[in-house]
Amino acid sequence: MIGESFIITGLLLIASASLFRAKRKKWAIATLPLTVLPAVNALVGFMTGVVMKVKLNFVTEMCIIMGALIVCCTWTGFLTATLLNKRKARLPYMIGSIAFDVILAAVFIHHYYVALEMGIK
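Residues numbered from 1 in each chain as written. Predicted model: local features only at pLDDT ≥ 70, side-chain atom pairs only at ≥ 80, totals over all residues. Heavy atoms only, no water.

(A) The arrangement of the environment of L104 in detail. Mapped onto the secondary structure, L104 falls in helix 5 (residues 87-118). C-alpha separation for the pair L104 and L13, spaced 91 residues apart in sequence, amounts to 16 Å. With sequence-adjacent residues up to four places away left out, L104 is seen in contact with I8, L37 and P38. (Helix = DSSP H or I, 4+ residues; strand = E, 2+ residues; numbered from the N terminus. Contact = heavy atoms within 4.5 Å.)

(B) View of a nonpolar patch on the surface. Judged by side-chain polarity, F6, L43, F46, M47, V50, V51, M52 and V54 come together as a nonpolar surface patch covering roughly 710 Å² of accessible area. Residue contributions to the nonpolar patch peak at 5 residues, all from helix 3 (residues 36-51). Residue class for M47 comes out partly exposed when judged on its relative accessible area of 38%. (Patch = residues over 30% accessible without salt bridge, like charges linked within 9 Å, V, L, I, M, F, W, Y side chains within 5 Å. Areas by Shrake-Rupley, 256 points an atom, 1.4 Å probe, with all protein chains shown as cover. Salt bridge = Lys/Arg side-chain N within 4 Å of Asp/Glu carboxyl O. Buried < 20%, exposed > 50% of the residue type's maximum accessible area, 1.4 Å probe, protein only.)

(C) Region of interest: helix 4 (residues 58-82). With 25 residues, helix 4 should reach 36 Å at 1.5 Å per residue; the first-to-last C-alpha distance of 36 Å fits that figure. Residues E61, M62, I65, A68, L69, C72, T76, L79 and T80 constitute the buried set of helix 4. Packed against the buried residues of helix 4 are helix 2 (25-30), helix 3 and helix 5. (Expected span 1.5 Å × (residues − 1).)

(D) Here's a closer look at empty space enclosed by the protein. Enumeration according to the criterion identifies 1 cavity of 30 Å³ or more in this entry. Looking at the largest cavity, the residues that line it are N41, V44, E61, I64, I65 and Y112. Put simply, the parts of the chain that give the lining of the largest cavity at least two residues each are helix 3 and helix 4. Considered class by class, the residues forming the lining of the largest cavity number 4 nonpolar, 1 polar and 1 charged. (1 Å grid on protein atoms, 1.4 Å probe; cavity = no way out; pocket = protein on both sides within 12 Å on 5 of 7 lines; lining within 4 Å. Points joined across faces, edges and corners; volume = space filled by probe spheres on them. Nonpolar A, V, L, I, M, F, W, Y, C, P; charged D, E, K, R; others polar.)

Structural data, given as structure tokens:
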């Protein structure tokens, strides 16, 4: 899942840069919290699997993913309350962003759980 996480992070950063170039700076900043969860998963996977060559246990991986999910959702809520001026845009953005993060965290958890059952990473 390391490669997929890097790709998701890159695509979200490209989307943010595109919004920034389109002079929608508030929306560009508002998309940045979406990059936290895949970036954390990619960096932790890369550091533990490739650099240090250690295998984290399931509970540690879940704590890392849940911590990143909490940071994402909190940051999304803060930016929604402070940056987005239009009331109509706040609720759909917040629901969509948090749903994206929760579903992505569920996919990561499922991947680690299946890898735990199979004995691979």
